[in-house]
Amino acid sequence: KYFSRKEFTNMKIRTLNKQSNVIGKNIRKYRNSRGYSQREVCNKLALLGVNMYHSDLSDIENSKHHIKDYEILALCKVLNITREEIFEGTDNIFN
């Protein structure tokens, strides 16, 4: 189904506790610890075939943007971290 502009702007974004994702802080933490800028991470993602703007990465890091499963896997590869590390500290989100 195609949505009109009015319908699209009135659609609610699915969130949990007003967050679009639960791993953004970890992505920022590991990116900073590696000394990478957001642009550098996006360039490395592009080499893997994952296209992401640095503004999208900023929104992901600030929990304002949803993240796809393949983007999570690619970020783990670029940041040289495990899936467990990218999700660390998220066990209590439902408490």
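Now for a quick tour of the structure. (Residues numbered from 1 in each chain as written. Predicted model: local features only at pLDDT ≥ 70, side-chain atom pairs only at ≥ 80, totals over all residues. Heavy atoms only, no water.)

In this fold, lysine 25 is placed in helix H2 (residues 24-34). Lysine 25 sits in the exposed class, given a relative accessible area of 59%. Separated by 62 residues in the primary sequence, lysine 25 and phenylalanine 87 place their C-alpha atoms 9.7 Å from one another. (Helix = DSSP H or I, 4+ residues; strand = E, 2+ residues; numbered from the N terminus. Buried < 20%, exposed > 50% of the residue type's maximum accessible area, 1.4 Å probe, protein only.)

In this section: unusual backbone geometry. Residue serine 63 is not a glycine yet carries a positive backbone phi of 60 degrees. Along the chain, serine 63 turns up in the loop between helix H4 (54-61) and helix H5 (69-79). Judged by its relative accessible area of 8%, serine 63 is buried. Phi at asparagine 80 takes a positive value of approximately 55 degrees, unusual for a residue other than glycine. By the secondary structure assignment, asparagine 80 is in the loop between H5 and helix H6 (83-86).

What is shown is where atoms sit, not what they do.
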